[in-house]
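Each chain is listed here by its residues.
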Amino acid sequence: MTGTQVDRTDPAARARLEAALLRRRRGAAAEGIRVLPRPAGELRFRAAVTQEGMWRGLAGSSGPAPAILAAVRLYGALDVAALEEAWNAVVARHETLRSSLRVEAGVLTQVVVPELRLPVELTELTDPADFGAFVWKEGDRPFDLEHGPLARLKLLRLGADDHIVFLMVHHIIGDARTVEVVVRDLGACYVAATAGVPAPLEPLRVQFADFAAWHRERLDGPRGAELIAYWVERLAGAEPAVLPADLELPPVPSQRGTGIDVPMPDELYAAIRRLAKERSTTLYTVGLAAFTALLARRSGQADICVRAPISFRDTSDVRDLVADFSNDVIVRTGLRDDPTLHELLERIKAGTAADFAHHDLPPHLLEPHLPDPGLLARLFHVQFTAEEEFDTPDTLGDLRMEPVVPERQHVLRPLNIRLRYDAERAHCIVLYRTEQFTAGRIEELMREYHGLLAEMVRTPENRVFG
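Residues numbered from 1 in each chain as written. Predicted model: local features only at pLDDT ≥ 70, side-chain atom pairs only at ≥ 80, totals over all residues. Heavy atoms only, no water.

Asker: Sorry if this is basic, but what is going on with the overall build of the protein chain here?
Answerer: Broken down by element type, the protein chain carries 13 helices and 15 strands. For a compact globule of 466 residues, the expected C-alpha radius of gyration is about 23 Å, and the protein chain comes in at 22 Å, within 12% of that figure. Oriented by its inertia axes, the alpha-carbon framework of the protein chain measures out at about 65 × 60 × 50 Å. The proportion of buried residues among the 466 residues of the protein chain is 53%. Expressed as a percentage of contacts within the protein chain between residues at least 6 apart in sequence, the contacts between residues at least 24 apart total 79%. The average position of the 55 basic charges and that of the 68 acidic charges among the side chains of the protein chain differ by 4 Å. (Helix = DSSP H or I, 4+ residues; strand = E, 2+ residues; numbered from the N terminus. Rg over C-alpha atoms; globule rule 2.2 N^0.38 Å. Buried < 20%, exposed > 50% of the residue type's maximum accessible area, 1.4 Å probe, protein only. Contact = heavy atoms within 4.5 Å. Lys, Arg positive; Asp, Glu negative; His and termini not counted. Charge placed at Lys NZ, Arg CZ, Asp CG, Glu CD.)

Here it is as structure tokens:
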């Protein structure tokens with residue numbers, strides 16, 4: 001990055017710079033990830049430690065498969081054969097898309113077949129309103145982890161020149177960044193297929209199995225002990241955040257839920273961008289501070305824990321892989337001294353910097369070291385994240401393309417707020433359990449959330465508890 005000029009008046013640019021510097025500090029050695037031998041035929045690698053944790057969590061689970069969903073709508077004369085050729089070029093490029101997971105000799109093993117051809121199933125969809133029902137049905141279809149495939153690409157035809165491409169990737173081989181990677185690679189391969197030329201994609205130096213071996217070796221060394229010690233101390237005495245729910249939880253709760261997309265007023269977004277710049281921090285910190293204050297004011301609780309998903313694509317080697325590089329961090333904020341909103345922002349800025357520097361310990365490796373083995377699951381029930389919108393192109397060759405948000409009928413935790421933004425606007429995607437929250441309560445909470453963001457800008461001397 002030497003010589004790179006960064007616009008320090010742009011919060012998004014500052015956020016990218018801060019993330020890059022943090023990655024450099026904590027993962028520079030990862031640039032030397034060793035490539036494992038690849039003998040001819042079927043490959044077998046020990047699964048990643050993160051995959052072992054997810055596999056254990058899925059054992060005996062009756063809920064839907066944890067999956068990453070995405071969709072794009074294409075307008076124009078789509079070449080279906082070229083799309084299928086492009087999809088299989090992407091499958092050939094990424095080992096995870098040709099893999100399955102099996103327990104062999106007591107060890108969870110990633111099995112990669114040398115070749116795999118996946119069809120792109122075509123479904124006629126006469127009414128776009130039926131897309132939601134299609135997504136619900138697909139979401140209920142299980143993945144066969146032991147035999148694969150662990151990703152599906154479906155094509156829905158609404159008209160001769162109107163299609164939806166729907167992608168579903170099991171979370172054990174994918175994270176949010178995976179969607180960007182697949183859409184980018186699929187687009188490049190599609191354009192190449194229609195032109196009859198090779199796709200202009202840089203070769204991948206490593207695959208996920210190589211990273212998994214490096215990460216396991218790192219956690220088995222001094223870094224693992226350092227991480228365990230940090231989190232045991234950090235979470236001592238922690239309690240779950242009290243949810244501002246308005247419904248009584250049933251005796252046997254489910255994952256039934258839904259989501260809403262709440263746009264942020266443009267003037268408020270401009271104001272919090274200025275605030276982030278003035279405080280030398282990021283939109284993530286500002287958004288989390290307001291969410292923490294919201295939970296505290298609603299409950300009176302003076303010790304707030306929020307789950308923060310972190311991506312550990314720390315190096316250029318792994319940035320463009322189809323794989324799950326996510327991990328769960330608990331951001332804990334003490335409020336017993338009733339800080340001002342300005343003090344809260346600074347407190348969370350410092351806390352997240354320390355927590356995110358210790359992000360690479362999977363929860364199942366921490367659990368045996370905690371006095372309460374069920375603590376992490378309870379702390380994970382409320383989540384906040386902030387992220388830039390995917391950089392999705394507007395066109396695909398001669399086709400016009402626009403993203404479509406698949407509607408979910410299951411959510412993994414009771415309350416999840418995702419602040420999404422680009423250079424001009426922001427919005428919040430709120431996922432919630434319908435057994436605990438009514439739509440009216442969620443709308444009320446989002447009005448309060450916007451109000452707290454405005455309060456942080458206008459009257460930062462106000463105290464958290466009023």
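Asker: What's the story with the sheet that holds strand β3 (residues 99–104) in this structure? I'm lost.
Answerer: By way of backbone hydrogen bonds, the strands of a sheet pair with one another, either parallel or antiparallel. Overall, antiparallel pairing links the 3 strands, which are arranged β1-β4-β3 in an open sheet. Each of the sheet's edge strands pairs with one partner strand only, and the pair in question is β1 (43–46) and β3. Strand after strand, the sheet turns through a mean of 35° between neighbouring axes, direction not considered. Of the strand pairs in this sheet, β1 and strand β4 (residues 107–112) are connected by 4 bridges, and their pairing is antiparallel. Residue pairing in the sheet places Phe45 in a bridge with Gln110 of β4. (Pairing = 2+ DSSP bridges. Axes fitted to C-alpha atoms, helices over the stretch in contact; angles between N-to-C directions.)

Asker: Please clarify how the sheet that holds strand β6 (residues 151–159) should be interpreted in this entry.
Answerer: An order of β5-β6-β7-β2-β13-β12 is seen for the 6 strands of this open sheet, with the pairing classed as mixed. Strands with a single pairing partner mark the edges of an open sheet, and in this sheet they are β5 (121–124) and β12 (395–396). In this structure, strand β2 (residues 67–75) lies alongside strand β13 (residues 399–404), joined through 5 bridges in antiparallel fashion. Counted as the bridge partner of Tyr75 is Arg400 from β13. Packing of helix α3 (residues 80–93) onto the sheet brings it into contact with β6 and β7 (162–170), and relative to β6 it is tilted by some 165°.

Asker: Which parts of the structure should I look at to understand the packing of helix α9 (residues 283–299) against helix α10 (residues 341–356)?
Answerer: Two measures define how a pair of helices packs: the angle their axes make with one another and the distance between the axes. Look at α9 against α10: their axes get within 9 Å of each other, and the N-to-C directions meet at 115°. Seen along the crossing, α9 lies across α10 with a hand that is right-handed. From α9, Tyr284, Thr285, Val286, Leu288, Ala289, Thr292, Ala293 and Arg297 reach across to α10, where they touch Leu341, Leu344, Leu345, Ile348, Lys349, Thr352 and Phe356. (Left-handed = near helix turned anticlockwise from the far one by under 90°.)

Asker: When you look at the pairing of β7 in this model, what are you seeing that I'm missing?
Answerer: Consecutive side chains along a regular strand alternate between the two faces of the sheet. Extensive coverage of β7 is indicated by the burial of 9 of its 9 residues. By the alternation rule, side chains of β7 split into Asp162, Ile164, Phe166, Met168 and His170 and His163, Val165, Leu167 and Val169, which are all buried. The pairing of β2 with β7 spans 9 bridges and is classified as antiparallel. Bridge pairing links Ala67 to His170 in β7. By the bridge criterion, 8 bridges tie β6 to β7 in an arrangement that is antiparallel. Residue pairing in the sheet places Lys154 in a bridge with Phe166 of β7. The hairpin formed by β6 and β7 contains 2 residues between the paired strands.

Asker: In this structure, what is going on with the packing of aromatic side chains? I would like to understand it.
Answerer: The geometry of an aromatic ring pair comes down to the distance between the two centres and the angle between the two planes. Across all of its chains, the model carries 11 aromatic pairs by this definition. For the ring pair Phe131 and Phe134, a centre distance of 6.4 Å and an interplane angle of 20° mean the geometry is stacked. Linking Phe131 with Phe134, this pair stays in helix α4 (residues 131–140), spanning 3 residues, or about one helical turn. Ring geometry for Phe211 versus Phe325: centroids 4.9 Å apart, planes at 65°, classification edge-to-face. Here Phe325 lies in the loop between β9 (303–311) and β10 (326–334) and Phe211 lies in helix α6 (residues 208–220), a separation of 114 residues in the sequence. The exposure classification of Phe211 matches that of Phe325, with both residues buried. Positioned above the aromatic ring of Phe143 is the side chain of Arg152, whose terminal nitrogen or guanidinium carbon lies 4.0 Å from the ring centre. Cation over ring: Arg400 sits above Tyr75, and NZ or CZ is 4.2 Å from the ring centre. (Phe/Tyr/Trp six-rings, centres within 6.5 Å; stacked < 30°, edge-to-face > 60°. Lys NZ or Arg CZ within 6 Å of the ring centre and 35° of its normal.)

Asker: What am I meant to see in the confidence of the model for the protein chain here?
Answerer: Low-pLDDT portions of the prediction should not be read for the details of their coordinates. A residue-level look at the protein chain finds 93% of positions with pLDDT of 70 or above and a mean pLDDT of 90. Below a pLDDT of 50 lies the segment residues 1–9, which in the model reaches 11 contacts outside its immediate sequence neighbourhood of four places, other chains included. Confidence drops under a pLDDT of 50 for residues 17–30, and excluding neighbours within four residues, the segment shows 23 contacts in the predicted structure. (pLDDT = per-residue confidence, 0-100.)

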